Amino acid sequence: VQLQASGGGLVQAGGSLRLSCAASGSISSLADMAWYRQAPGKQRELVASVTRGGITHYASSVKGRFTISRDNAKNTVWLQMNSLKGDDRAVYYCAGDQAGDGPDYWGKGTLVTVSS
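None of these values were measured; they are calculated from a predicted model. (Residues numbered from 1 in each chain as written. Predicted model: local features only at pLDDT ≥ 70, side-chain atom pairs only at ≥ 80, totals over all residues. Heavy atoms only, no water.)

J.: So what about the overall build of the protein chain? Which residues, and what values?
T.: Across its full length, the protein chain carries 0 helices and 11 strands. Secondary structure elements in the protein chain, listed N-terminal to C-terminal, are β-β-β-β-β-β-β-β-β-β-β. Taken over C-alpha atoms, the radius of gyration comes to 13 Å for the protein chain, in line with the 13 Å a tight globule of 116 residues would show. With the C-alpha coordinates aligned to their principal axes, the bounding extent of the protein chain is approximately 40 × 25 × 25 Å. Looking at the protein chain as a whole, 41% of its 116 residues qualify as buried. The contacts of the protein chain with a sequence gap of at least 6 include a subset with a gap of at least 24, amounting to 53%. Counting only carbon and sulfur atoms, one obtains 46% of the accessible surface of the protein chain, whose full area is about 5900 Å². Mean positive and mean negative side-chain charge positions of the protein chain (12 and 8 charges, respectively) differ by 7 Å. (Helix = DSSP H or I, 4+ residues; strand = E, 2+ residues; numbered from the N terminus. Rg over C-alpha atoms; globule rule 2.2 N^0.38 Å. Buried < 20%, exposed > 50% of the residue type's maximum accessible area, 1.4 Å probe, protein only. Contact = heavy atoms within 4.5 Å. Areas by Shrake-Rupley, 256 points an atom, 1.4 Å probe, with all protein chains shown as cover. Lys, Arg positive; Asp, Glu negative; His and termini not counted. Charge placed at Lys NZ, Arg CZ, Asp CG, Glu CD.)

Pasting the structure below:
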């Protein structure tokens, strides 16, 4: 499965962006789909994940502001990001997890920049 993330860009603090992750193959067999991010000088961190059945998990720093969703029929995952802050600035990566034990597939990142 190849993953392609898109939708990043420059946004003012308080604004919104919607990231998309399109898969070349079927994602219906993947246990989890997730978004990670890596800010300059920091380790990559999990932002949000969604199981095959639609159960979601969010990092505490984005809970209430970000929403992850997945459409297995369209082989696409989205990350709706609202009320963006400077701390959200990072390269965002889409990931697919076959068995629920960690990512097996990674997409190239998309850069999100938040201006104050």
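J.: Could you give an account of the pattern of salt bridges, with specific residues and numbers?
T.: Under the definition given, this model contains 3 salt bridges. Among the ionic pairs, Glu45 bridges to Arg37, the shortest N-O distance being 2.7 Å. Taking the relative accessible area as the measure of exposure, Glu45 reaches 34% and is therefore partly exposed. Of the charged contacts, one joins Asp88 and Arg37 as a salt bridge, the two residues approaching to 2.9 Å between their closest N and O atoms. Pair noted here: Asp88 is in the loop between strand S8 (76-81) and strand S9 (90-97) and Arg37 is in strand S4 (residues 32-38), with a separation of 51 residues, a long-range link. Residues Asp88 and Arg37 agree in their burial class; the two are buried. One salt-bridge network, in which partners are shared between bridges, spans Arg37, Glu45, Arg65 and Asp88. (Salt bridge = Lys/Arg side-chain N within 4 Å of Asp/Glu carboxyl O.)

J.: Go over the sheet that holds strand S7 (residues 66-71) with me, naming the residues and quoting the values.
T.: With antiparallel pairing, the 4 strands of this open sheet are ordered in space as S1-S3-S8-S7. Edge positions in the open sheet fall to strand S1 (3-6) and S7, since each of these has one partner strand only. For this sheet, the mean inter-axis angle between neighbouring strands, taken without regard to orientation, is 15°. (Pairing = 2+ DSSP bridges. Axes fitted to C-alpha atoms, helices over the stretch in contact; angles between N-to-C directions.)

J.: Go over the nonpolar core with me, naming the residues and quoting the values.
T.: In this structure, Trp35, Leu79, Met81 and Tyr92 are the most contacted members of the largest nonpolar core, which totals 29 residues. Elements with a minimum of two residues in this core: S1, strand S3 (17-23), S4, strand S5 (45-51), S7, S8, S9 and strand S11 (110-115). The element that contributes the greatest number of residues to this core is S3, accounting for 4 residues. (Core = buried A, V, L, I, M, F, W, Y, C linked by side-chain atoms within 4.5 Å.)

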